[in-house]
Amino acid sequence: FDFDWNNKWESGVLFNIGFGLHNRKYPKALPLTTATALGETRADVPIRLSSGLGWEFAPGWSALLNYSYKLNVSNKLLYVKEVSGLTLQGSF
C-alpha cells in the first residue's frame, strides 16, 4: 500500500506527504535458524514515511525540502534509512 499527496496553494507554498506499508515474501530464500523470534520463516514489513515543504517562486520553478524515513522490520535484519535533501525544479 502506498499513498502520496501533493498540494500547491495559490500563494506558492508546496506540501507533500506520503506513507507506505508492504509485505514481502521470499519463496526461494533459505530458511533462517529457529533461534529468531518468528522461527525459520522470513518475515519483512517495510514502512515508508515521507514529507516535503517548498515554494514555487516563479511559474514552473520551485524548491522543495524533502525528508524520507524508511524502516524494514524483519526477523533477519532491521533496516533504517533517513534521507533529507533539497529539490530544485524548473522548466523553460
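Fair warning: this is a prediction, and the values are worked out from it, not measured in the lab. (Residues numbered from 1 in each chain as written. Predicted model: local features only at pLDDT ≥ 70, side-chain atom pairs only at ≥ 80, totals over all residues. Heavy atoms only, no water.)

Peer 1: Explain the pattern of salt bridges residue by residue, including any values.
Peer 2: One pass over the full model with this rule turns up three salt bridges. In this structure, Asp4 and Arg48 form a salt bridge, with 3.3 Å as the shortest nitrogen-oxygen distance. Note that Asp4 is positioned in strand 1 (residues 2-8) and Arg48 in strand 3 (residues 44-58), a separation of 44 residues in sequence. Between Lys8 and Glu56 there is a salt bridge whose closest N-O contact spans 3.0 Å. With Lys8 in strand 1 and Glu56 in strand 3, the pair connects residues that are 48 residues apart, well separated along the chain. The partly exposed category is assigned to Glu56, whose relative accessible area is 25%. Linked through salt bridges whose partners overlap, the residues forming this network are Asp2, Asp4 and Arg48. (Salt bridge = Lys/Arg side-chain N within 4 Å of Asp/Glu carboxyl O. Helix = DSSP H or I, 4+ residues; strand = E, 2+ residues; numbered from the N terminus. Buried < 20%, exposed > 50% of the residue type's maximum accessible area, 1.4 Å probe, protein only.)

Peer 1: How would you sum up the packing of aromatic side chains? Please name residues and give values.
Peer 2: Across all of its chains, the model carries three aromatic pairs by this definition. The interplanar angle of 45° and the centroid separation of 5.7 Å between the aromatic rings of Phe1 and Phe19 together place this pair among those described as tilted. On the criterion of sequence distance, the pair formed by Phe1 in the segment before strand 1 and Phe19 in strand 2 (residues 13-21) is long-range, its members being 18 residues apart. The exposure class of Phe19 is partly exposed, given its relative accessible area of 36%. When the centroid spacing of 6.0 Å and the interplanar angle of 65° are considered together, the rings of Trp5 and Phe15 count as edge-to-face. Of this pair, Trp5 sits in strand 1 while Phe15 sits in strand 2; the two residues are ten residues apart in sequence, bridging distant segments of the chain. Within the aromatic cluster, the residues linked to one another by ring pairs are Phe1, Phe3 and Phe19. (Phe/Tyr/Trp six-rings, centres within 6.5 Å; stacked < 30°, edge-to-face > 60°.)

Peer 1: I'd love a proper account of the sheet that holds strand 2, names of residues and values included.
Peer 2: Across the sheet, which stays open at both edges, the five strands sit in the order 1-2-3-4-5 with antiparallel pairing between neighbours. Every interior strand has two partners, whereas the edge strands, strand 1 and strand 5 (79-89), have only one. On average, each strand axis in the sheet is tilted by 10° relative to the strand beside it, whichever way the strands run. The pairing of strand 2 with strand 3 spans nine bridges and is classified as antiparallel. For Gly20, the partnering residue across the bridge sits in strand 3 and is Arg48. (Pairing = 2+ DSSP bridges. Axes fitted to C-alpha atoms, helices over the stretch in contact; angles between N-to-C directions.)

Peer 1: Could you give an account of a nonpolar patch on the surface, naming the residues involved and the relevant values?
Peer 2: Where nonpolar side chains cluster on the molecular surface, the patch consists of Phe1, Phe3, Trp5, Ile17, Phe19, Leu21, Val45, Leu49, Val73, Leu78 and Val80 and spans about 1000 Å² of accessible area. Listing elements by their share of the nonpolar patch, those giving two or more residues are strand 1, strand 2 and strand 3. Residue contributions to the nonpolar patch peak at three residues, all from strand 2. (Patch = residues over 30% accessible without salt bridge, like charges linked within 9 Å, V, L, I, M, F, W, Y side chains within 5 Å. Areas by Shrake-Rupley, 256 points an atom, 1.4 Å probe, with all protein chains shown as cover.)

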